[in-house]
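Letter by letter, the chains look like this.
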Amino acid sequence: MSDSRIVAVIQARTGSSRLPGKVLRPLGGRPVLSWMVRSARAARGIDDVVVATSTAPGDDAVAELAAELGVQVVRGSEDDVLSRFVLALEETGADAVVRLTADCPLADPALISAVVSLWRNDESLDYAASTLVRTLPRGLDVELASRRALLTADAEAESFHRIHVTSYLYDSKRTFRTMGLVVQPAANDLRVTLDTAEDGEMLDAVVAELGDRPPSWHEVVDLLRSRPDITRINAAVRQKGLVDG
């Protein structure tokens, strides 16, 4: 078994343009950020969990909640999110980081574990993810970057790549060794991330059905396929593109 150290880094901040404070929003009796911390802790192969937030005063509440949840906090630039991940990498001595976003509260620990396994089985990979070919609902994304790849991105990436952290690893001219996780049947038409008030209403409806626990991805898909009334709640929400910031 590899003794390489893998740290889950959850990016979280309150300054959302469409839904300010969303990571602190209650969902099923606990803050959204707490859902993601719980899922990350439940995943196999993760050695530590860190919340990476900004130094903006508005994010003091994020840091305080993370401390209450018993996880390490790193604070850095609000806009240069990549630099926050590098800070987490350096402070934890990680050999690879799993990138998670706090606005995806239905994260499945089994998916996190599966992506971690891809890298643990071949540590020459620069990047392993469920997003290279999208087959999962938006909001169940899991990405892993090796230490070397993340430091290369930090040295070379500019503009929107610094906001999106990992995009330089799959959307630049440089060739990285990547591997993707794909599920069938595809469910990438579904959306369970939290960007708008409509998303929040939809997540409330899902949690009312599935309860206060990390659901499996197929439970979420099965529920949404059987309940078009729930999927309709946020069906009109458009995902921002890479260059939208």
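On a predicted model such as this, the values are computed, not experimentally measured, just so you know.

Conventions we followed
- Residues numbered from 1 in each chain as written.
- Predicted model: local features only at pLDDT ≥ 70, side-chain atom pairs only at ≥ 80, totals over all residues.
- Heavy atoms only, no water.
- Pairing = 2+ DSSP bridges.
- Helix = DSSP H or I, 4+ residues; strand = E, 2+ residues; numbered from the N terminus.
- Axes fitted to C-alpha atoms, helices over the stretch in contact; angles between N-to-C directions.
- Contact = heavy atoms within 4.5 Å.
- Expected span 1.5 Å × (residues − 1).
- Buried < 20%, exposed > 50% of the residue type's maximum accessible area, 1.4 Å probe, protein only.
- Polar contact = N/O pair within 3.5 Å; in protein donor to acceptor, adjacent residues only side chain to side chain.

A. Local environment of the sheet that holds strand S6 (residues 96-101). Strand order across the open sheet formed by 7 strands is S5-S4-S1-S6-S8-S7-S9, with mixed pairing between neighbours. In this open sheet, the two edge strands, each paired with only one partner strand, are strand S5 (72-76) and strand S9 (178-180). Mean inter-strand twist for the sheet, computed between neighbouring axes without regard to direction, equals 20°. Relative to strand S4 (residues 48-54), strand S1 (residues 6-11) is paired through 5 bridges, and the arrangement is parallel. By the bridge assignment, Val9 is partnered in S4 with Val50. This element, helix H1 (residues 32-42), spans S1, S4 and S6 of the sheet and lies at about 170° to S1.

B. Looking closely at helix H3 (residues 81-92). With 12 residues, H3 extends 17 Å from end C-alpha to end C-alpha; this agrees with the ideal 16 Å at 1.5 Å per step. Three or more residues of H3 are buried, namely Val81, Leu82, Arg84, Phe85, Val86, Ala88, Leu89 and Thr92. The inward-facing, buried residues of H3 contact S1, S4, S5, S6, helix H5 (147-156) and helix H6 (160-164). Of the residues trailing H3, Gly93 is marked for its positive phi of about 65°.

C. Region of interest: the environment of Leu106. For Leu106, the location among the structural elements is in the loop between S6 and helix H4 (109-121). On the basis of relative accessible area, Leu106 is assigned to the buried category, the value being 1%. Sequence spacing of Leu106 and Leu203 is 97 residues, and the spatial spacing of their C-alpha atoms is 8.4 Å. Among residues more than four places away in sequence, those in contact with Leu106 are Trp35, Leu140, Val192, Leu203, Val206, Val207, Pro215 and Val220.

D. Summary view of the side chain of Ser54. By the element assignment, Ser54 lies in strand S4. For Ser54, a relative accessible area of 0% corresponds to the buried category. A polar contact is formed between the side chain of Ser54 and the side chain of Asp59, at a distance of 2.5 Å. Leaving out residues up to four positions away in the same chain, Ser54 has contacts with Ala12, Asp59, Arg75, Gly76, Ser77, Glu78 and Arg84.

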